[in-house]
Amino acid sequence: MLHVERKNDIVWLTMDRPPANALDNQTLREIVGILEEINQDLGVRGVVVTGAGTKFFSAGGDVKEFSSITQEQGLERVRLGSRLKASLGALECPLVCAVNGAAIGSGMEMAALADFCVAADTARFGMPEINHGLLPMAKGIQQLVNVIGLKNTKDVLFSGEIFGAARGKDMGLVHEIVKPDELMNRADEWISDMASKPSELFRALKRTIVTGMHLSDEELERMTERDFLRYFGAEEATASLTSFINVSETRTAV
């Protein structure tokens, strides 16, 4: 199941499906539904995704269930898994993955979609699908290439090797490694800091990062114009600008 908790406009999503927080079709439906609601709620200023317990963030798709489902149910799994990655990628508010344990398959793909991935030093990562007669979602593979590069993605996918948090950090998947008892506090610190930024500006930055590389110069100009009209005169952005000007003037006067 999925635990959903909203604290100060930050939504905490905890995957809780013992023993490995594996994603069956029902759990995927829950997560995708919540994420699609969040994507429509401008009042949400941040999202944290984590797993229950200390051993697993998520072992990815439920392999045992997959071995016994029909072709149509398998296609639903493919669609739901793809929608999960798309929904995470579409989040314009800050996204943290607090990786408390093994993040395998879809678990690793979810971590790759985070704006900030903080991992316990006991966390492990990997994409072992090739060794299990399965195929990862194309959306997840695309994101791995974006985050860890083509060479690392090939190595991870072709070998199916499971590796530790230190290697994940070396390849750019993990931003920070902490002790297990520090994990949630660090996730909370980062998401709270980002949630304190002017929301419309943060959303504009993420929109541009995600979609800007595919646009022409003219389309980028139009995007910036639209975003300018959204934030210009907005209370949060105006307050940040005024504060910056006041501090600058004080420093100049000194």
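Keep in mind that what you see is a predicted model, and the values were worked out from it rather than measured.

On to the nonpolar core. Residues V49, V99 and F125 are the most contacted members of the largest nonpolar core, which totals 44 residues. Of all the elements, helix α1 (residues 25-39) adds the most residues to this core, at six residues. Beyond its immediate sequence surroundings of up to four residues, V49 is in contact with L13, M15, F57, L88, L95, V96, C97, A98 and M110.

Moving on to the sheet that holds strand β2 (residues 10-15). Across the sheet, six strands lie side by side as β1-β2-β3-β5-β7-β10; this open sheet has mixed pairing. This sheet does not close on itself; its edge strands, each paired only once, are β1 (2-7) and β10 (176-178). Here the average twist between neighbouring strands, direction ignored, is 20 degrees. Two elements, strand β5 (residues 95-99) and strand β7 (residues 116-120), share four bridges in a ladder whose sense is parallel. Bridged to A98 within β7 is V118.

On to unusual backbone geometry, then. With omega at 5 degrees, the peptide bond leading from P18 into P19 counts as cis. Position of P19 among the secondary structure elements: in the loop between β2 and α1. Even without glycine at this site, N8 takes up a positive phi of about 55 degrees. Here the phi dihedral of N21 falls at roughly 55 degrees; this positive angle occurs in a residue that is not glycine. Among the structural elements, N21 can be located in the loop between β2 and α1.

This paragraph deals with the packing of helix α5 (residues 138-148) against helix α6 (residues 150-159). Each pair of packed helices gets described by two things: the angle between the helix axes and the distance between those axes. Interhelical geometry of α5 versus α6 gives an angle of 130 degrees and a closest axis separation of 7 Å. With respect to each other, α5 and α6 are oriented oblique. Where α5 crosses over α6, the two elements pack in a sense that is right-handed. Listed contacts from α6 to I141, L144, V145 and I148 of α5 are L150, N152, T153, V156 and L157. For the contact of α5 with α6, the class distribution of residues is seven nonpolar, two polar and no charged.

Moving on, we get to the packing of aromatic side chains. Two measures describe an aromatic ring pair: the distance that separates the ring centres and the angle between the ring planes. Considering all chains together, one arrives at two aromatic pairs under this definition. Each ring, one from F116 and one from W190, has its centre 4.9 Å from the other, and the planes form 5 degrees; the classification is stacked. Placement of the pair is F116 in strand β7 and W190 in helix α8 (residues 183-195), with a sequence separation of 74 residues. For the pair shown, F116 and W190 are each scored as buried. The side chain of K7 reaches across the aromatic face of W12, ending 4.5 Å from its centre. The ring of F163 has R167 sitting right over it, with the charged end atom 4.8 Å from the ring centre.

Below, the discussion takes up a nonpolar patch on the surface. Residues L205, I209 and V210 make up a contiguous nonpolar surface patch of about 310 Å² in total accessible area. Positionally, V210 belongs in helix α9 (residues 199-211). Take V210: its relative accessible area is 45%, and that puts it in the partly exposed class.

Quick look at the pattern of salt bridges now. This structure, assessed with the given rule, holds 17 salt bridges. With its nearest N and O atoms 3.3 Å apart, the salt bridge here joins R17 to D24. For R17, a relative accessible area of 24% translates into the label partly exposed. Here E92 and R207 are joined by a salt bridge, their closest N and O atoms 2.8 Å apart. A residue pair is termed long-range when its members are at least 10 positions apart, and E92 in the loop between α3 (71-90) and β5 and R207 in helix α9 qualify at 115 residues.

Spatially, the four strands line up as an open sheet ordered β4-β6-β8-β9, and their pairing is mixed. In this open sheet, the two edge strands, each paired with only one partner strand, are β4 (56-58) and β9 (162-164). Between one strand axis and the next, the sheet turns through 25 degrees on average, direction left out of account. Across three bridges, the pairing between strand β8 (residues 124-126) and β9 is antiparallel.

Calculation criteria
Residues numbered from 1 in each chain as written. Predicted model: local features only at pLDDT ≥ 70, side-chain atom pairs only at ≥ 80, totals over all residues. Heavy atoms only, no water. Core = buried A, V, L, I, M, F, W, Y, C linked by side-chain atoms within 4.5 Å. Buried < 20%, exposed > 50% of the residue type's maximum accessible area, 1.4 Å probe, protein only. Helix = DSSP H or I, 4+ residues; strand = E, 2+ residues; numbered from the N terminus. Contact = heavy atoms within 4.5 Å. Pairing = 2+ DSSP bridges. Axes fitted to C-alpha atoms, helices over the stretch in contact; angles between N-to-C directions. Parallel < 35°, antiparallel > 145°, perpendicular 65-115°, else oblique. Left-handed = near helix turned anticlockwise from the far one by under 90°. Nonpolar A, V, L, I, M, F, W, Y, C, P; charged D, E, K, R; others polar. Phe/Tyr/Trp six-rings, centres within 6.5 Å; stacked < 30°, edge-to-face > 60°. Lys NZ or Arg CZ within 6 Å of the ring centre and 35° of its normal. Patch = residues over 30% accessible without salt bridge, like charges linked within 9 Å, V, L, I, M, F, W, Y side chains within 5 Å. Areas by Shrake-Rupley, 256 points an atom, 1.4 Å probe, with all protein chains shown as cover. Salt bridge = Lys/Arg side-chain N within 4 Å of Asp/Glu carboxyl O.

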